[in-house]
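# Structural overview for review
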Amino acid sequence: MPHSSTASGLPARIYRAWLTLLGRVLHWWVRSTVLPEDLSELGVDPDRPVFYVLDTYALTSLLIVDEVCRKLGWPRPGDTFRVGDGMLPRSYSASRRYGGFIIRRPQRRRHPQMLRQLLERTSVEELGQVQIVPVTVLIGRAPDKEDSIFKILFSENWGVAGRIRRLFSTLVNGRATMVQFGKPVKVGQILEETSDDKQALGRISRVLRVHFKRVRTAAIGPDRSHRRTLVDRVVRSDSVQEAIAAKARRDDMSEEKAELIARKYAREIAADYSYAFIRIADILLSWFWSRIYRGIAVHHFSQFREAQDGHEIVYVPCHRSHIDYMLLSYLLYHRGFVPPHIAAGVNLNMPFIGPLLRRGGAFFLRRSFRSQPLYAAVFNQYVTLILDRGVAMEYFIEGTRSRTGRLLPPRGGMLSITVRAFLRDPSRPVLFQPVYIGYERLAEGNSYISELSGQQKKPESLSDLRNVINILRRNYGEVSVSFGEPIRLGELLDEHNPDWREENIENGAKPPWLGDAVDSLARRIMVNINRSADVNPVNLLATALLASRKHALDEDDLERTIEMLRRLVKLTGYSDRITVTRMTAGQVIEYGLELGIIERHEHRLGNIIRTDATRAVLLTYFRNNTAHLLAISAWIACCFLNAQRVRRSRLHGLSRTVYPFIRQELFLPWPEDEIDAVVERCIEALTELELLRGSGDYLQRAQGGSDQSYYLRLLGHSLLQTFERYFITMSVLVKNGSGKLNRRQLEQLCILSAQRISLLHEFEAPEFYDRTLFRQFIQSMFDSGFLSRDDDNCLVFGRKLENFAQDAKLVLGKEIRHAIIQVTPELLELTGEEG
């Protein structure tokens, strides 16, 4: 029973009987989702006094909380509250109450009445034992229960609900109710920090109000004004008005006309967020995911929930598919967070699709607007306003979807805009949340291969919707979404300029240290995405099979290789957020057969597991997803491909030379001065797996023909193409000579050489000659001092690069080295003819 009043008499008995009956009817109908999922996170002790504070009083909310507490075995809110010699008629209060039978208006009061009585009637020592637990009840906000568009009309929002609407809301959405408990308020600590009960009451009330606003904002989104109002605020801001005046002067037009242009830009950019649309989209996406995926695994969300409290959140996931942003918004919504506003390319602002995306929170931006100062001012002000209003954002700093499975070099445009918006008003801290998204099959796989092979990227159009039918016919396995270590912007800025809070950043101003801070933020995001990777069965199969010459392995060897890779990831300790599939090696193979990415060829001497050329190209994507986890171990293995033993000191010296390039390409987390310790840790792991053994100052692999030598060779081959690309670049430079090529010519020659090598000596994998990878390596050579430019903008180098090219003998076999060297002169003649 929700209320154990001490009153007696017939009216009181009738009232209690009525509540009992109402409670039974309500409990029969209502189904509650209780958050957080793991209630032990809250640290509530049911054996100590518990006093509940509801966000908003409603009889239905009280009855729902009462039933939830009964099932949990916690003290019930309607019970008499006792602590020491003190007693209250009930164990709950409410932060907000509304008066009026038909027209509901908020009651004006500073503090909950029952909370005031609790502090007045209880001694300081006894209050230290009291747990004040905030509770939020949202009817129509348990998204996993929703299956009717009609329910959306009576879903939870920021408006004041009358009794009739509350009744209909409970009837329609009662089975989609969310009950979220908060951590107990630290009453003892507040009492120590305040001088009297009145001050303590004010502090507790304030803490509760802030908590309830955050929970409601996270669950249903901020209380947004109309889109037209937001557009007006953008256009009327000082920075945009200055840009309007400048455009009017520059283009010789009236300020009224320039303002119309600014207003057009703002409407082109602004989202038109609709919570009703989000609810409808949730119903459709729930059906869609259940058709194409076996499941969606989420990792480390509880750490994110803990870290985000009190911050403006900017989600920065990796970008591998158009599904990314829908998937992340869906998961956040299902865990009690409002879907973020997502920065989308203006190419997606198509008829029919564009308005729908806007209602889902998308705001659009052009690919480049450096030459459009008015557009830039409008866009910057829009981002500033939505950030100031507590709206979570999401954008992909890679700029486009990765076609190779590796993270792409980050672009700092949106990061710079966000950082500058924060600098103008740093009143609320900003938290960047990296997110790793891992697939087992890609809907866009075939188009990625076509684009890497040189075909023009097909622009998005409405006709692409026809592909949904084909997608629904396939099994795409499981998706994993892993939340990486968050980055607090204030702490990062402290590293670059401890006095940034004292600087007055005016509109459009760029402090001299901003560029380095944005670059550091971008790299840290990419590193933290990689540090939260999930190793799925397809990653393991792809890494093992693609390391073999014909993409085929004896089934027993494949099992041992998969198990070796699993153990190596765990032994090298890349990050405590790395997760690895729990499937055994045998189960991984059976799973791959079920997905159709491999096939089993039965043979009397033992079954062969293989994949064909087309699927092998697709598998390179999934190998690259987790290549960074094995990079240093694979590099060490490469050093033993053409030598049985290597001096430890030479291995360390070569590692120090190679590491800056691998670090740049794969966004590895360790500074260059820590690579010796990392190499030693990987050597220990390889030794424990019996793939290497120490012999004095030498490291030695097993004799050729042994299983251990074979598995070490497979490990080395998993990264060999990366070093082949490096050697192609160095060979092109050395063959042409210092000061002979500019950067564009070098890139083109490297791509042509890699294409020819791929056709002659490797299986034809388009990512082997991807321009982005060569461009990254060339930039790394500039950063490491291997390359510089002369007055004619040509590339110059010295003995340092030539010595590095000589060291390739340890890693690359004679055949591939000679092939690369032979191909280059033919390309030089071709280049000369073209010039």
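What you see is a predicted model, and the numbers here were worked out from it, not measured in a lab. (Residues numbered from 1 in each chain as written. Predicted model: local features only at pLDDT ≥ 70, side-chain atom pairs only at ≥ 80, totals over all residues. Heavy atoms only, no water.)

### Considering the pattern of salt bridges
Applying the stated criterion to the full structure yields 31 salt bridges. Where Asp251 meets Arg250, a salt bridge forms, and the shortest distance between an N and an O atom there is 3.9 Å. For Arg250, a relative accessible area of 47% corresponds to the partly exposed category. Linking Arg600 and Glu555 is a salt bridge whose minimum nitrogen-to-oxygen distance equals 3.0 Å. Of this pair, Arg600 sits in strand E21 (residues 599-601) while Glu555 is found in helix H23 (residues 555-572), placing the two residues 45 residues apart along the sequence. Residue classification places Arg600 among the partly exposed positions, given a relative accessible area of 30%. Here the salt bridges share partners, and the residues they tie into one network are Glu599, Arg610, Asp612 and Arg615. (Salt bridge = Lys/Arg side-chain N within 4 Å of Asp/Glu carboxyl O. Buried < 20%, exposed > 50% of the residue type's maximum accessible area, 1.4 Å probe, protein only. Helix = DSSP H or I, 4+ residues; strand = E, 2+ residues; numbered from the N terminus.)

### Some words on the pairing of strand E8 (residues 131-139)
In terms of burial, E8 is largely enclosed, as nine of its nine residues are buried. Every second residue of E8 is oriented toward a common face, with Gln131, Val133, Val135, Val137 and Ile139 on one face and Ile132, Pro134, Thr136 and Leu138 on the other, all of them buried. For strand E2 (residues 50-56) and E8, the ladder comprises five bridges, and the chain directions are parallel. Considered in E8, the bridge of Leu54 is made with Val135. Here five bridges tie E8 to strand E9 (residues 177-181), and the two strands are oriented antiparallel to one another. (Pairing = 2+ DSSP bridges.)

### Overview of the confidence of the model for the protein chain
Note: predicted coordinates in regions of low pLDDT should not be interpreted at a detailed level. Summary statistics for the protein chain give a mean pLDDT of 84 and a share of 86% for residues scoring 70 or more. Element-level pLDDT for the protein chain is lowest in helix H5 (residues 149-152), with a mean of 47, against a maximum mean of 97 in strand E15 (residues 430-438). Residue range residues 142-146 is modelled with pLDDT below 50. Its contacts to residues more than four positions away, or to other chains, number 20 contacts. A low-confidence stretch, residues 825-835 stays under pLDDT 50, and its non-local contacts, those more than four residues away or across chains, total eight contacts. (pLDDT = per-residue confidence, 0-100. Contact = heavy atoms within 4.5 Å.)

### Some points on the environment of Phe432
Position of Phe432 among the secondary structure elements: in strand E15. Using a relative accessible area of 0% as the deciding quantity, one classes Phe432 as buried. Along the sequence, Phe432 and Glu485 sit 53 residues apart, while their C-alpha atoms lie 9.1 Å from each other. Beyond its immediate stretch of four places on either side in the chain, Phe432 contacts Val314, Val316, Tyr395, Leu415, Thr418, Pro486, Ile487, Leu489, Leu521 and Ile525.

### Some remarks on the pairing of E9
For E9, a buried count of five out of five residues is recorded, marking the element as mostly surrounded by other parts of the structure. Bridging between strand E1 (residues 32-35) and E9 involves four bridges; their strand directions are parallel. The residue bridging Leu35 from the neighbouring strand is Gln180, located in E9.

### Observations concerning the packing of helix H12 (residues 275-292) against helix H14 (residues 323-334)
Running from amino to carboxyl end, H12 crosses H14 at an angle of 110°, the nearest separation of the two axes being 10 Å. With respect to each other, H12 and H14 are oriented roughly perpendicular. When H12 is examined against H14, the residues Tyr275, Ile278, Arg279, Asp282, Leu285, Ser286 and Trp289 are found in contact with a partner set consisting of Ile323, Met326, Leu327, Tyr330, Tyr333 and His334. Tallied by class, the residues present in the contact of H12 with H14 amount to nine nonpolar, two polar and two charged. (Axes fitted to C-alpha atoms, helices over the stretch in contact; angles between N-to-C directions. Parallel < 35°, antiparallel > 145°, perpendicular 65-115°, else oblique. Nonpolar A, V, L, I, M, F, W, Y, C, P; charged D, E, K, R; others polar.)

### Considering the nonpolar core
Grouped together as the largest cluster of nonpolar side chains are 200 residues, with contacts concentrated most on Phe363, Phe432 and Ile636. Looking at this core, the element that brings in the most residues is helix H29 (residues 707-736), giving 13 residues. With 23 residues, the next largest nonpolar core counts Ile64, Val133, Ile139 and Val179 among its residues. (Core = buried A, V, L, I, M, F, W, Y, C linked by side-chain atoms within 4.5 Å.)

### Considerations on unusual backbone geometry
Pro36 follows Leu35 through a cis peptide bond whose omega is -5°. Phi at Asp252 is positive, roughly 55°, even though this residue is not glycine.

### Brief notes about the sheet that holds strand E22 (residues 608-610)
Overall, antiparallel pairing links the three strands, which are arranged E19-E22-E21 in an open sheet. Because the sheet does not close on itself, it has two edges, and the strands there are strand E19 (552-554) and E21. Between one strand axis and the next, the sheet turns through 30° on average, direction left out of account. Direction of pairing for E19 relative to E22: antiparallel, over a ladder of three bridges. Residue pairing in the sheet places Asp554 in a bridge with Ile608 of E22. Relative to the sheet, H23 contacts E19, E21 and E22, its axis offset from that of E19 by approximately 95°.

### Brief notes about the side chain of Arg90
Tracing the backbone through its elements, the reader meets Arg90 in the loop between strand E4 (86-88) and strand E5 (92-96). Put simply, Arg90 is tucked away with no salt bridge, and the nearest opposite charge, on Asp66, sits 11 Å away. A distance of 3.3 Å separates a polar side-chain atom of Arg90 from the backbone oxygen of Tyr92. (Lys, Arg positive; Asp, Glu negative; His and termini not counted. Polar contact = N/O pair within 3.5 Å; in protein donor to acceptor, adjacent residues only side chain to side chain.)

### Some details on helix H16 (residues 373-388)
Here H16 contains 16 residues, and its C-alpha end-to-end distance of 22 Å stays within 8% of the 22 Å for a straight helix at 1.5 Å per residue. Most of H16 sits inside the fold, with 14 of its 16 residues counted as buried. Directly beyond the C-terminal end of H16, a positive phi value near 80° is found at Gly390. (Expected span 1.5 Å × (residues − 1).)

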